[in-house]
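Observations on chain architecture
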Amino acid sequence: MSYSDTDDASTKDVLQPHTPPPPALEPYMAFTTIPRAAPGTTCCSISTLLHNNHTTLLVTSATKVADGLTATAFVTYTIKVGDNEVKRRYSEFESLRKVLCRIYPTLIVPPIPEKHSISNYANIQNKSKEDAAMVEKRKRMLQKFLNRLAKHEILSYEHVFHRFLETGVSWTELMHSPPISTLPKNALNATLTASSSSANLLRQGFDQPPSPSASSQSSPGLAGSTGHPGGVPPEILREPNPRFIDSEVFTQKFSNQLSGSMDRSQKKVVRKLGEIANDNSDLGATLNGFSLNESDCVPLANAIEKIGQAVDSSFMATTALMQALEINVNEPMQEYVQYASIIKAILKFRHQKHIQSESTADQLEAKRSSLDNLERMETEAKRIESALNKGERSGSTGGAQTNSNNNTTTSGTAARNETATLNDDEHSISEEGTFTNEPESIHTSTEIGDEAADFNPYARTSSTSAPKAAEADSSNGHVDTTASPYAQLPPANPYATTHSPPSSASVKRRSTRLNVFSALSHTLHSIVDVDPEATRRNNIGKTRDAIVQLEEQLETTNSDLDKISRAVQGDLDRFQLQKTKDLRDILLAYAKAHQKWCQKNLGSWQEAKDNVEQIPV
């Protein structure tokens with residue numbers, strides 16, 4: 001099964017022959033996180049060398065170098081490009097690959113050999129032979145990494161890669177200068193730029209590239225029916241793309257097959273071959289010694305010696321077989337296990353972009369719903385305000401009429417009261433006839449007392465005998481102040497307030513209290529919605545602005561998703577072609593190694609057979 005196949009019935013083992021369907025021509029495209037030069041044009045001398053058909057990158061040597069500052073040793077690998085040579089550390093190879101992954105998030109960048117764990121370093125630090133073998137293995141895999149980049153349709157034109165191969169270029173300085181220093185931290189938020197290859201690739205399985213709209217044709221039960229071992233759960237997406245779900249499932253199966261039973265079986269075979277080779281080495285030495293003991297019978301001694309030589313030849317052939325299997329089979333299989341992890345990361349990147357698109361659509365829908373609610377509230381508020389205004393206008397008209405009637409009634413009542421008062425005064429004068437001829441002070445007091453008695457309901461009691469009693473007492477030379485309350489000044493009013501000028505301290509305290517109250521009032525006004533109408537309209541304006549921004553963001557995200565889907569699917573198809581060719585080469589190397597091993601053994605054992613047949617019986 002290839003990354004382009006979607007029919008489960010066509011699923012095949014990765015080692016079975018694959019007959020591709022009729023190919024369709026389409027340009028191979030990628031998208032970068034920063035603007036890059038269009039592939040197909042050479043930009044420097046290294047680029048010219050790389051695109052020469054006779055140029056091959058070689059890692060010629062690996063040398064341990066001591067760092068003068070830290071007094072630590074590390075290995076530098078010498079790279080030869082034509083006549084140019086440059087030395088790079090393993091960490092620089094690693095940083096180069098990371099930079100390429102950040103620039104081209106939709107491309108399958110070839111892997112480099114994995115780092116050894118701390119336990120592995122602890123096991124091999126005192127074993128120089130195994131350490132040398134590890135260094136040689138890294139040399140081979142780093143050389144393959146560089147040659148894969150040099151043959152890539154797009155990565156071979158990346159100038160950062162060219163600078164890595166230039167002599168005299170400090171990689172540390174290059175990492176802190178443009179364009180590497182301008183790379184975005186998160187590729188999901190970057191603006192993607194198209195980068196097309198000048199060559200056309202043969203694509204398998206699809207006549208048209210995938211697009212997000214194709215995901216709408218998937219059935220809801222597809223994710224559950226195919227399963228999703230080890231990948232991102234497809235149920236997170238409302239409309240997952242079935243093509244990429246199948247790619248994730250196939251990648252996981254491919255990785256499990258290589259890193260699971262196949263890897264264990266291959267390691268067991270190599271281990272058994274190593275044991276057989278060691279046993280053959282011991283057996284060959286024993287047979288050679290045994291042939292010396294049979295020197296009396298020359299044909300027998302020669303036959304035993306030839307058998308020992310055949311066993312020694314088997315030992316050497318088996319050792320060569322082990323090396324061939326390690327270099328031509330095990331290392332490529334380990335590389336493709338790493339490829340599976342790389343493909344998972346790219347599919348995860350595309351999956352996250354799909355999640356970003358659906359999340360933006362959800363936010364846009366929520367904002368539109370919020371805007372509908374706010375507009376509905378605004379309409380309802382206007383309706384209520386209109387009803388209240390009509391009620392106030394009708395109430396003000398009725399109130400004016402009521403006030404006019406009340407004023408007319410009040411004026412009539414006042415006129416009647418005034419007429420009654422005048423009649424009462426005339427009646428009192430006609431009854432008395434004449435006024436009393438009393439002293440002015442007493443007369444005034446009496447008038448005040450009478451007026452107080454007539455108009456002040458809270459005055460103390462006074463009768464007509466009071467003036468007489470006062471007159472009698474005054475004739476005796478004694479004035480009774482308790483008999484008439486008007487003979488003295490009125491008592492002090494206990495409810496009267498005496499005002500005194502405020503002191504400066506009280507003014508300061510009052511000012512402080514006012515300031516605190518003002519601050520508290522301002523805070524409460526900022527919390528409490530003092531103008532709900534203005535707040536409501538402000539929220540409507542903000543929501544509309546947010547909707548416009550989300551619509552633009554959704555359009556950009558959907559466009560990026562479409563670009564990423566096209567680029568990822570295109571590189572998966574390119575990788576499928578590469579994988580088919582590499583697996584073919586692996587199988588041929590596996591068969592040739594065993595054929596060569598068998599031919600060596602056959603020749604040595606045929607010669608031993610001829611010598612055995614010459615023994616006289």
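Residues numbered from 1 in each chain as written. Predicted model: local features only at pLDDT ≥ 70, side-chain atom pairs only at ≥ 80, totals over all residues. Heavy atoms only, no water.

For any two helices packed against each other, one specifies the crossing angle of their axes together with the interaxial distance. It is the contact of helix α8 (residues 242-293) with helix α13 (residues 532-613), at a shortest axis distance of 12 Å, that shows an interaxial angle of 25°. As far as their axial angle goes, α13 and α8 are roughly parallel. Two packed elements cross with a definite hand, and for α8 against α13 that hand is left-handed. Contacts between α8 and α13 involve Arg-243, Phe-244, Ser-247, Phe-250, Phe-254 and Gln-266 on the former and, on the latter, Ser-565, Val-568, Gln-569, Leu-572, Lys-579 and Tyr-590. In the contact of α8 with α13, the residues fall into 6 nonpolar, 4 polar and 2 charged. (Axes fitted to C-alpha atoms, helices over the stretch in contact; angles between N-to-C directions. Helix = DSSP H or I, 4+ residues; strand = E, 2+ residues; numbered from the N terminus. Parallel < 35°, antiparallel > 145°, perpendicular 65-115°, else oblique. Left-handed = near helix turned anticlockwise from the far one by under 90°. Contact = heavy atoms within 4.5 Å. Nonpolar A, V, L, I, M, F, W, Y, C, P; charged D, E, K, R; others polar.)

Residues Arg-264, Lys-268, Arg-271 and Lys-272 make up a contiguous surface patch of positive charge. Within the secondary structure, Lys-268 sits in helix α8. (Patch = residues over 30% accessible without salt bridge, like charges linked within 9 Å, V, L, I, M, F, W, Y side chains within 5 Å. Areas by Shrake-Rupley, 256 points an atom, 1.4 Å probe, with all protein chains shown as cover. Salt bridge = Lys/Arg side-chain N within 4 Å of Asp/Glu carboxyl O. Lys, Arg positive; Asp, Glu negative; His and termini not counted. Charge placed at Lys NZ, Arg CZ, Asp CG, Glu CD.)

The next thing to look at is the pattern of salt bridges. Applying the stated criterion across every chain, the model contains 20 salt bridges. With its nearest N and O atoms 2.7 Å apart, the salt bridge here joins Arg-536 to Glu-378. Of the two residues, Arg-536 is situated in helix α13 and Glu-378 in helix α9 (residues 298-432); the sequence distance between them amounts to 158 residues. For Arg-536, a relative accessible area of 16% gives the class buried. Glu-380 is paired through a salt bridge with Arg-383; the nearest N and O atoms lie 2.4 Å apart. A residue pair is termed a helical-turn pair when its members lie 3 or 4 positions apart in one helix, as Glu-380 and Arg-383 do in helix α9 at 3 residues. Classification of Glu-380 as partly exposed rests on a relative accessible area of 37%. Through salt bridges with shared partners, one network takes in Lys-144, Arg-148, Glu-335 and Asp-582. (Buried < 20%, exposed > 50% of the residue type's maximum accessible area, 1.4 Å probe, protein only.)

For the protein chain, the average pLDDT comes to 74, and 64% of its residues sit at 70 or higher. The low-confidence segment residues 6-26, where pLDDT is below 50, has 34 contacts with residues more than four positions distant or belonging to other chains. Every residue in residues 198-234 scores below 50 in pLDDT, and together they form 83 contacts with partners more than four places removed in sequence or on other chains. (pLDDT = per-residue confidence, 0-100.)

Take the UniProt feature "coiled-coil region" (unreviewed entry) in the protein chain next. Here the UniProt-annotated "coiled-coil region" (unreviewed entry) positions come out as residues 540-567. Along residues 540-567 one finds 100% helix and 0% strand; the C-alpha atoms at either end are 40 Å apart. (UniProt positions renumbered as here; feature names shortened; annotations may be inferred.)

Turning next to helix α2 (residues 90-103). Over its 14 residues, α2 extends 20 Å from the first C-alpha to the last, a length consistent with the 20 Å expected when each residue adds 1.5 Å. Counting buried positions along α2 gives 10 out of 14 residues, so the element sits mostly inside the fold. Among the residues making up α2, those that are buried are Tyr-90, Glu-92, Phe-93, Glu-94, Ser-95, Leu-96, Arg-97, Val-99, Leu-100 and Ile-103. (Expected span 1.5 Å × (residues − 1).)

What follows deals with the packing of aromatic side chains. The description of two aromatic rings rests on the distance between their centres and on the angle between their planes. What the rule picks out here adds up to 8 aromatic pairs. Note on Phe-93 and Phe-164: the rings are 5.2 Å apart at their centroids and 70° apart in plane angle, and the pair reads as edge-to-face. Residue Phe-93 is located in helix α2, and its partner Phe-164 is located in helix α5 (residues 159-165); the two are separated by 71 residues in the primary sequence. Measuring from ring centre to ring centre gives 6.3 Å for Phe-254 and Tyr-336, while their planes differ by 80°; the resulting arrangement is edge-to-face. On the criterion of sequence distance, the pair formed by Phe-254 in helix α8 and Tyr-336 in helix α9 is long-range, its members being 82 residues apart. Overall, the relative accessible area of 1% leaves Phe-254 in the buried class. Overall, Tyr-336 belongs to the buried group, its relative accessible area being 1%. Taken together through their ring pairs, the aromatic side chains of Phe-250, Phe-254, Tyr-336, Tyr-339 and Phe-575 make up a single cluster. Positioned above the aromatic ring of Phe-164 is the side chain of Arg-88, whose terminal nitrogen or guanidinium carbon lies 5.1 Å from the ring centre. Taking the ring centre of Tyr-90 as reference, the NZ or CZ of Arg-138 above it sits at 4.0 Å. (Phe/Tyr/Trp six-rings, centres within 6.5 Å; stacked < 30°, edge-to-face > 60°. Lys NZ or Arg CZ within 6 Å of the ring centre and 35° of its normal.)

Across the sheet, 3 strands lie side by side as β2-β3-β4; this open sheet has antiparallel pairing. Only two strands of the sheet have a single neighbouring strand rather than two, namely β2 (58-66) and β4 (84-89). Each strand axis lies, on average, 25° off the axis of its neighbour in the sheet, ignoring direction. Note: β2 against strand β3 (residues 73-81), 8 bridges, orientation antiparallel. Bridging across to β3, Leu-58 finds its partner in Lys-80. (Pairing = 2+ DSSP bridges.)

The next subject is the nonpolar core. In terms of nonpolar packing, the biggest core is built from 40 residues, with Leu-96, Leu-146 and Leu-165 touching the most fellow members. Contributing elements (two or more residues each) for this core: α1 (45-50), β3, α2, α4 (128-150), α5 and α6 (171-175). Among the elements that make up this core, the one with the highest residue count is α4 (7 residues). Contact partners of Leu-96, with chain neighbours within four places excluded, come to Phe-145, Leu-149, Val-160, Phe-161, Phe-164 and Trp-171. Counting 28 residues, the second largest nonpolar core, distinct from the first, contains Leu-188, Leu-258, Leu-273 and Ile-343. (Core = buried A, V, L, I, M, F, W, Y, C linked by side-chain atoms within 4.5 Å.)

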